[in-house]
Amino acid sequence: RNLVFSKEYPLEMYLFGDSQVFSLGSGLSRLVGRNGMIKVDYLAIHSSGFIRGDYYDWPGKLADTFSGRHYSAAAVMLGMNDYQNFRGRDGKILKKNTPEWERVYREKCRGILDLLLEEVPRVYWLGMPRVKNKVYDESLRYIDRVQESVAGEYSPDLVVRIPILDCVPGRGKPYADSIVDSRGRSIRVMSDDGTHFTVEGVQLAMKSLFDRMAADHDFAENPVAHLPD
């Protein structure tokens, strides 16, 4: 029997990742509202990623997190810091944009996804945003393609890829500091660094995730997104 989520018994979501999650978690919380039917717990670790477990051990952290708490879904945003050389298990330096680097990177992505799927029935994997710096944006497009390919190895019922750039700046559109919303208003969506979202921008960016979660789960009432006023 499917669970029916309500304000009294909300769907509990765990969102984690790099520094983008500071704003993404806050934005999703604003979208669902203080007393909504989705409850969001999130953890952001600056400069973390699928690689560099010597810097931050996400598999270890996730094992600890799920050992003490049950969640109905998880969402991950990692990759902003991954386009770099790193050491493999044998100590050999793996150079970015090489077949060996990509093979090991895929393994690291699968490792975290598999860990999550032991704990939750569905994982939402957030894609890379567009950024202002063209060289950085090009590297993120590469990371995005590799992650998209890895996601395609799993059943779409288990791993759901969420392309947040479909909302900000819009599918097929280049980077933009501001966008025009459905009501014709110009909204500043990116912060001055050209990499992170504004408060309003992140609410719009997370609409894709909100809509997919609303469609995937049984709620006593249809969740309503609280978009920027």
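As the structure is a prediction and not an experimental result, all values here were calculated from the model. (Residues numbered from 1 in each chain as written. Predicted model: local features only at pLDDT ≥ 70, side-chain atom pairs only at ≥ 80, totals over all residues. Heavy atoms only, no water.)

Draft legend 1. Quick peek at the layout of surface pockets. In this structure, the largest pocket spans a volume of roughly 420 Å³. When residues of the lining of the largest pocket are traced back to their parent elements, those giving at least two are helix H2 (58–67), strand E5 (86–87) and helix H3 (99–117). Top element by residues in the lining of the largest pocket is H3. It accounts for seven residues. Classifying every residue of the lining of the largest pocket by side-chain character gives nine nonpolar, four polar and 10 charged. Looking at the second largest pocket, it is lined by 15 residues, and the ones nearest its centre are Ile179, Val180, Asp181, Ser182 and Leu204. (1 Å grid on protein atoms, 1.4 Å probe; cavity = no way out; pocket = protein on both sides within 12 Å on 5 of 7 lines; lining within 4 Å. Points joined across faces, edges and corners; volume = space filled by probe spheres on them. Helix = DSSP H or I, 4+ residues; strand = E, 2+ residues; numbered from the N terminus. Nonpolar A, V, L, I, M, F, W, Y, C, P; charged D, E, K, R; others polar.)

Draft legend 2. Highlighting the pattern of salt bridges. Counted according to the given criterion, the structure contains 20 salt bridges. Measuring nitrogen to oxygen at the nearest pair gives 2.5 Å for the salt bridge that ties Asp137 to Arg130. Between Arg171 and Asp166 there is a salt bridge, with the nearest N and O atoms lying 2.7 Å from each other. By relative accessible area, Asp166 is classed as partly exposed at 23%. (Salt bridge = Lys/Arg side-chain N within 4 Å of Asp/Glu carboxyl O. Buried < 20%, exposed > 50% of the residue type's maximum accessible area, 1.4 Å probe, protein only.)

Draft legend 3. Region of interest: empty space enclosed by the protein. Counted according to the given criterion, the structure contains one cavity of 30 Å³ or more. Put simply, the largest cavity is a space of about 30 Å³. As for the largest cavity, its lining consists of Arg130, Val168, Pro169, Tyr175, Ala176, Met190 and Phe197. Of the residues that constitute the lining of the largest cavity, the class distribution is six nonpolar, no polar and one charged.

Draft legend 4. Seen up close, the packing of H2 against H3. Between H2 and H3, the shortest axis-to-axis distance is 10 Å and the interhelical angle comes to 5°. Between H2 and H3, the interaxial angle falls into the category roughly parallel. Across the interface between the two elements, Trp58, Pro59, Leu62, Ala63 and Phe66 from H2 touch Ile112, Leu115 and Leu116 from H3. In terms of residue class, the contact of H2 with H3 is made up of eight nonpolar, no polar and no charged. (Axes fitted to C-alpha atoms, helices over the stretch in contact; angles between N-to-C directions. Parallel < 35°, antiparallel > 145°, perpendicular 65-115°, else oblique. Contact = heavy atoms within 4.5 Å.)

Draft legend 5. Focus on the sheet that holds strand E2 (residues 11–17). Spatial strand order, E3-E2-E4-E7-E8: five strands in an open sheet with parallel pairing. The sheet is open, and its two borders are formed by strand E3 (38–44) and strand E8 (159–162), each paired with just one other strand. Sheet twist, expressed as the mean angle between neighbouring strand axes with direction ignored, is 20°. In this structure, E2 lies alongside E3, joined through seven bridges in parallel fashion. Across the sheet, residue Leu11 finds its bridge partner in E3, namely Ile38. Against the sheet, H2 contacts E2, E3 and strand E4 (73–77), and its axis sits at roughly 160° relative to E2. (Pairing = 2+ DSSP bridges.)

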